[in-house]
Amino acid sequence: MRPDGQQALDAVVRSFDCHSEAALRQRNDVIYCSLPRTTQGIVQREDQLEVLVSLREVWGRRRGRDGTCTGAMPDGALDTAVRADEVGSEEDLYDDLHSSSHHYSHPGGGGEQLAINELISDGSVVCAEALWDHVTMDDQELGFKAGDVIEVMDATNREWWWGRVADGEGWFPASFVRLRVNQDEPTDDDAPRAGNSGAEDGGAEAQSCKDQMRTNVINEILSTERDYIKHLRDICEGYVRQCRKRADMFSEEQLCTIFGNIEDIYRCQKAFVKALEQRFNRERPHLSELGACFLEHQADFQIYSEYCNNHPNACVELSRLTKLSKYVYFFEACRLLQKMIDISLDGFLLTPVQKICKYPLQLAELLKYTHPQHRDFKDVEAALHAMKNVAQLINERKRRLENIDKIAQWQSSIEDWEGEDLLVRSSELIYSGELTRVTQPQAKSQQRMFFLFDHQLIYCKKDLLRRDVLYYKGRLDMDGLEVVDLEDGKDRDLHVSIKNAFRLHCGATGDSHLLCTRKPEQKQRWLKAFAREREQVQLDQETGFSITELQRKQAMLNASKQQVTGKPKAVGRPCYLTRQKHPALPSSRPQQQVPVLAEPRRKPSTFWHSISRLAPFRK
């Protein structure tokens, strides 16, 4: 039973004659007064009634569960209630928001999902292309690389689909893939084989089918661009503009952190869509020439790099703000007033990151159905190459940002760590392995594990009993060291015989460190790794790549928590999937705050391979 104040408010609201404009305005006033003051700052009395009702229901259930009155309250009492509510359960609050019956749903989301499952149940093969790498340590999830083709076998769940690649089956995040526009492709068998006339008719039919498929891809490009522009406009007008009005809630620095340069992206995308529309042949879409548009605007796509680099910071800041109820109410009011689909703000802000990875896949499919004699062929081919380069630059940066959490976890696993955090100067593990360190003055040999990061070399000692436990022993600054390859024989400084050795020499201090490997090929790998480390440092300086203080602190905080997420309850596998028992559905979405962005077919990261022998990274 809801409290008396809520019942009284409902009775008053129902008593109004909604056929009268004055009565409707009076009704809105009553609902408006029942909202928190922070929400009143964005919602006006004359705004749509359904928005006011939705917000009031959320607030009413929240206050009703706490046993407080939700009717029209004096300002002082309402402020007190808001302050008290700020310490409430974030989980309960989101339950309230998503259980509201007034949320706006996406017009095509559910229908597309039903259509996919109908095709699957009818025996059709539904294929999707991977936008990013999906790296997983869970044997129930399906790992793949960007560009891989996945056969979708079950799309019943909205967020996780069941699919198959050559290596096996498993769950994968639906947001990591793009369904192919053309599921049925023409084959040579479709053409008639008897007679010249039949062959000619078959050739014409095959070309017509290919033209239709090119039309499908072009329509998808234009359709997704129009949707994307609306999406960007909703963010800029529905969120950014409203947040700027509330200087008491958001500083300019916070807005830059949350939204980045999304307004610049919006302006560039508007110009890009306009160019696409001009080159679109409405009467014969397959003759449209879109390749030149991508080439003309390829420089504009570079601004995505700044946005993608900032995105992890935006997620951290949003996570901090949404622990306070007033910000959750405020963002929900923004979404409802703009009539945006029912996902959270961090989901909306992920869209530009997803978008830049779709372009190479769309252009690759467009090129596939473009005849070499087509006027657009060379431009599409050049555009595909250009957009791959843009995506590669952005994805490499995102991959580097991904590694900082792993590096922080690795550091937290090392015993007796001394000095500054590894992330203060480094962001990537270049190479690692066991080396023999020969020290002065008695030329004593020590077996140590060495880890080469950008800017520094860390060495550790293995525990005598538990060989998977490492103790910190020191570090070397690579910026001031010279790597000297040594020949096998007697070392002149230490007067000992050496084999497979190299020296790290510091010109400023005169210090040197003699290191040996067991095999010649191991020595060559280390020498190449030292060269890559210097190249990486130089590239970072040229591109301006760096880790912010906020990112470093958040990574170290996450590592210190070491929280393990639980598994969800199992769900039944559809009857038409009979190869094996359906495992448990993954408990949470993939970590999209720091998206797994990777250029198609890039070489796998050596991070996990290099330190897979350490206990903290074992499953």
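Notes on the structure in this doc start here. All values derive from a computational prediction rather than experimental measurement.

Remarks on a positive patch on the surface
Then comes step 1: On the surface, a cluster of positive charge is contributed by Arg518, Lys519, Arg525, Lys528 and Arg532.
Then comes step 2: Within the element layout of this structure, Arg518 appears in the loop between strand 14 (512-516) and helix 16 (520-543).

Here's the deal with the pairing of strand 14
Then comes step 1: Extensive coverage of strand 14 is indicated by the burial of four of its five residues.
Then comes step 2: In terms of strand pairing, strand 6 (residues 429-439) meets strand 14 through three bridges, oriented antiparallel. In the strand pairing of strand 14, Thr436 is matched with Cys516.
Then comes step 3: Between strand 13 (residues 501-506) and strand 14, which pair antiparallel in sequence order, lie five residues; one of them, Gly510, sits at a positive phi of approximately 85°.

Digging into the packing of aromatic side chains
The geometry of an aromatic ring pair is captured by two quantities: the separation of the ring centres and the angle between the planes.
Then comes step 1: Under the criterion given, the structure shown has 23 aromatic pairs.
Then comes step 2: Judged by centre distance (5.5 Å) and plane angle (50°), the ring pair of Trp410 and Phe453 falls under tilted. Of this pair, Trp410 sits in helix 15 (residues 377-413) while Phe453 is found in strand 7 (residues 444-453), placing the two residues 43 residues apart along the sequence. Each member of the pair Trp410 and Phe453 is classed as buried.
Then comes step 3: Through successive ring pairs, a cluster of aromatic residues spans Tyr239, Phe250, Tyr327, Phe330, Phe331 and Phe348.
Then comes step 4: One Lys or Arg, Lys270, reaches over the ring of Tyr266 and ends 4.6 Å from the middle of that ring.

Description of the pattern of salt bridges
Then comes step 1: The tally for this structure, following the rule as stated, stands at 28 salt bridges.
Then comes step 2: For Glu151, the salt bridge is made with Arg164, and the minimal N-O distance between the two is 2.9 Å. Of the two residues, Glu151 sits in strand 2 (residues 149-154) while Arg164 sits in strand 3 (residues 160-165), which places them 13 residues apart along the sequence.
Then comes step 3: Note on Arg164: relative accessible area 24%, which makes it partly exposed.
Then comes step 4: Close ionic contact of Asp454 with Arg400 constitutes a salt bridge, the shortest N to O distance being 3.9 Å. With a gap of 54 residues between them, Asp454 in the loop between strand 7 and strand 8 (456-462) and Arg400 in helix 15 connect regions that are remote in the sequence. Arg400 shares its class with Asp454; the two are buried.
Then comes step 5: Several salt bridges converge on common partners, so that one network encompasses Arg425, Asp477, Asp479, Glu533 and Arg534.

Reading the values: rules and limits
- Residues numbered from 1 in each chain as written.
- Predicted model: local features only at pLDDT ≥ 70, side-chain atom pairs only at ≥ 80, totals over all residues.
- Heavy atoms only, no water.
- Patch = residues over 30% accessible without salt bridge, like charges linked within 9 Å, V, L, I, M, F, W, Y side chains within 5 Å.
- Areas by Shrake-Rupley, 256 points an atom, 1.4 Å probe, with all protein chains shown as cover.
- Salt bridge = Lys/Arg side-chain N within 4 Å of Asp/Glu carboxyl O.
- Lys, Arg positive; Asp, Glu negative; His and termini not counted.
- Charge placed at Lys NZ, Arg CZ, Asp CG, Glu CD.
- Helix = DSSP H or I, 4+ residues; strand = E, 2+ residues; numbered from the N terminus.
- Buried < 20%, exposed > 50% of the residue type's maximum accessible area, 1.4 Å probe, protein only.
- Pairing = 2+ DSSP bridges.
- Phe/Tyr/Trp six-rings, centres within 6.5 Å; stacked < 30°, edge-to-face > 60°.
- Lys NZ or Arg CZ within 6 Å of the ring centre and 35° of its normal.

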